[in-house]
Amino acid sequence: MAPHRLHHLALLCLVCVSLLCTAMPVGAAPPPRPLCDACGDTFESTAESHGVSVTVTHSNATVAVNSNGTATWVVHNRLSNAEGVAQLRANESIRTAIADRAMWDTELLSANVSGDGVITLRYREADFAQQSVGGTVRTGEFTEAYGYRNLNGLGADRLVVVAPDGMRVERAIDGATVSDDGQRMTLTELNDGRIVTFVPRDTAVGPLLSLLAVGALLGPVMAVKALAYTTLPAAVFTLLIGAAAGGVARLDWDLKRVRDSAGIVFAGVGALATVLSLLGSTGVLRLGGIAAPLFGGGTALFICGIALSQRRVRERTSYRTVVGGAVVGAGIALGVTIAAAPMVVGDGFTFPVSALLVLGPAFVLLPAGYAVGHGNRRLALKTAAIGFVLSMLPVLPILPAPFGLGVLFIPIATASAAAVAVAGLPLFLAGVSLGVPSSGC
């Protein structure tokens, strides 16, 4: 075997081993636990394991966040069962053992029982939050991805999060109540967690700082997702575009003659797609989740066809203008898909991933074809690869972490990429025809 092939094989093995190592922790998730596991039922269970029987009738907690990322928890559990309460009040060692075991990943500061049966627990959590750009503080403790794995609710009946001194809550949990001064965020339940951010109280660019802080945390994860989910589909899409470019070169078609009819091709394909989607909405065809994106994509192609039917538009085409037109076309397609979906899909509409898998790559065919027609096959392959990956980026945030159940997305996206490249050959050839005359690339 040639030395360079050995190097390629070794590199492939290294990539596979790395992916497997990344995937292994997915199956080793810890048991579910609430955000405040020193509250409510979990405190009862911890006390029971130490031979103390109590019932928590009400619990609330306050988390005071510091600008250095540490946090102080103060938990109040109102207890019933006089015998258990008396045991906790009298036996400091048992009380301390229960309190220390009740709250994971924190340092117990104190545990006291009042005369009316309320146990007050104080903890210090060293890594509750992290400092970020522009003096922002962010915390992922309210999520499974960046805080507690297998997060199971709030735990407390009421949780108050206090912002660091001189700061305010900028990005809060959905459904939470934020005080008028932004100093406190109050939760009574935790269903869908998210990253919470705190920004300087007097800043005028709080939303921007919050966005940057979240982006700095999500960026590496998004990069891993992009690599895991788009590498194979992008490779298949690019190879098929390369094969189409080679076919055009070998057949040596005179596409100059069809340049003036490129707009008609666009409009015709768009009209056909729109009609098919409407047939699907009436039950003549069973198109399912692709009916809405077919309508949106057809409408966008029809509009592009009308524009390209104008001679002055065709004469001013260049690689940059075709790329810009493709971006605008994809935007129109997505917008129309969302706006017209209630009409096309009669039983309610949930935006399908299939819309993003089809519409973006379909419009990438136009500038890729233009580059082929202009004689720059290398640029065509770059356009196909980069354009496909960029068109997939909107899909990534709604997918699970890499190598979870979302691994099923890879073969689906690969099949979709192949289908778009094959079914979109008329668009590719129309793009080729636009690039044939000697216009700037």
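Worth saying up front: this structure is predicted, and the values here are computed from it rather than measured. (Residues numbered from 1 in each chain as written. Predicted model: local features only at pLDDT ≥ 70, side-chain atom pairs only at ≥ 80, totals over all residues. Heavy atoms only, no water.)

Bringing the side chain of threonine 106 into the picture now. By secondary structure assignment, the location of threonine 106 is in the loop between α4 (92-102) and β3 (107-113). According to the relative accessible area criterion, threonine 106 is buried, its value standing at 16%. Dropping the residues within four chain positions of it, threonine 106 is found in contact with Tyr123, Arg124 and Glu125. (Helix = DSSP H or I, 4+ residues; strand = E, 2+ residues; numbered from the N terminus. Buried < 20%, exposed > 50% of the residue type's maximum accessible area, 1.4 Å probe, protein only. Contact = heavy atoms within 4.5 Å.)

Summed over all chains, the structure comprises one disulfide. Put simply, cysteine 36 and cysteine 39 are joined by a disulfide, and their sulfur atoms are 2.0 Å apart. Handedness of the cysteine 36-cysteine 39 disulfide follows from its S-S torsion of about 65 degrees: it is right-handed. (Disulfide = S-S within 2.5 Å.)

What follows is about the pairing of strand β2 (residues 71-80). In this sheet, β2 lies alongside strand β1 (residues 55-65) in antiparallel orientation, the contact comprising ten bridges. Note on β2: the bridge partner recorded for valine 63 is tryptophan 73. Hairpin connection between β1 and β2: a loop of five residues separates the two successive antiparallel strands, and glycine 69 in this loop has a positive phi of roughly 100 degrees. Where β2 and strand β4 (residues 118-125) come together, eight bridges link them in antiparallel fashion. What sits directly across from alanine 71, in β4, is glutamate 125. (Pairing = 2+ DSSP bridges.)

We now examine a nonpolar patch on the surface. A grouping of Val133, Val205, Leu208, Leu211 and Leu212 is seen on the molecular surface, where their side chains present a nonpolar patch of about 430 Å² in accessible area. You can see valine 205 is positioned in the loop between β11 (196-200) and α5 (206-251). On the accessibility criterion, valine 205 (41% relative accessible area) is partly exposed. (Patch = residues over 30% accessible without salt bridge, like charges linked within 9 Å, V, L, I, M, F, W, Y side chains within 5 Å. Areas by Shrake-Rupley, 256 points an atom, 1.4 Å probe, with all protein chains shown as cover. Salt bridge = Lys/Arg side-chain N within 4 Å of Asp/Glu carboxyl O.)

Here the focus is the pattern of salt bridges. All told, the structure shown has four salt bridges when counted by the stated rule. Taking the shortest distance from any N to any O, the salt bridge between aspartate 37 and arginine 33 comes out at 3.0 Å. Here aspartate 37 matches arginine 33 in class, with each residue buried. The salt bridge involving arginine 168 is made with glutamate 170; its shortest N-O contact spans 3.3 Å.

On to the sheet that holds strand β5 (residues 130-131), then. Taken together, four strands build an open sheet; the order of strands is β5-β6-β11-β8 and the sheet is antiparallel. Only two strands of the sheet have a single partner each, and these edge strands are β5 and β8 (167-171). Direction of pairing for strand β6 (residues 137-139) relative to β11: antiparallel, over a ladder of three bridges. Residue threonine 139 lies in a different strand from β11, and its bridge partner there is valine 196.

As annotated in UniProt, the feature "transmembrane region" (unreviewed entry) corresponds to residues 226-249, 261-284, 290-309, 321-345, 351-372, 379-399 and 405-429 in the numbering used here. Strand forms 0% of residues 226-249 and helix 100%; the C-alpha atoms that close the span are 32 Å apart. (UniProt positions renumbered as here; feature names shortened; annotations may be inferred.)

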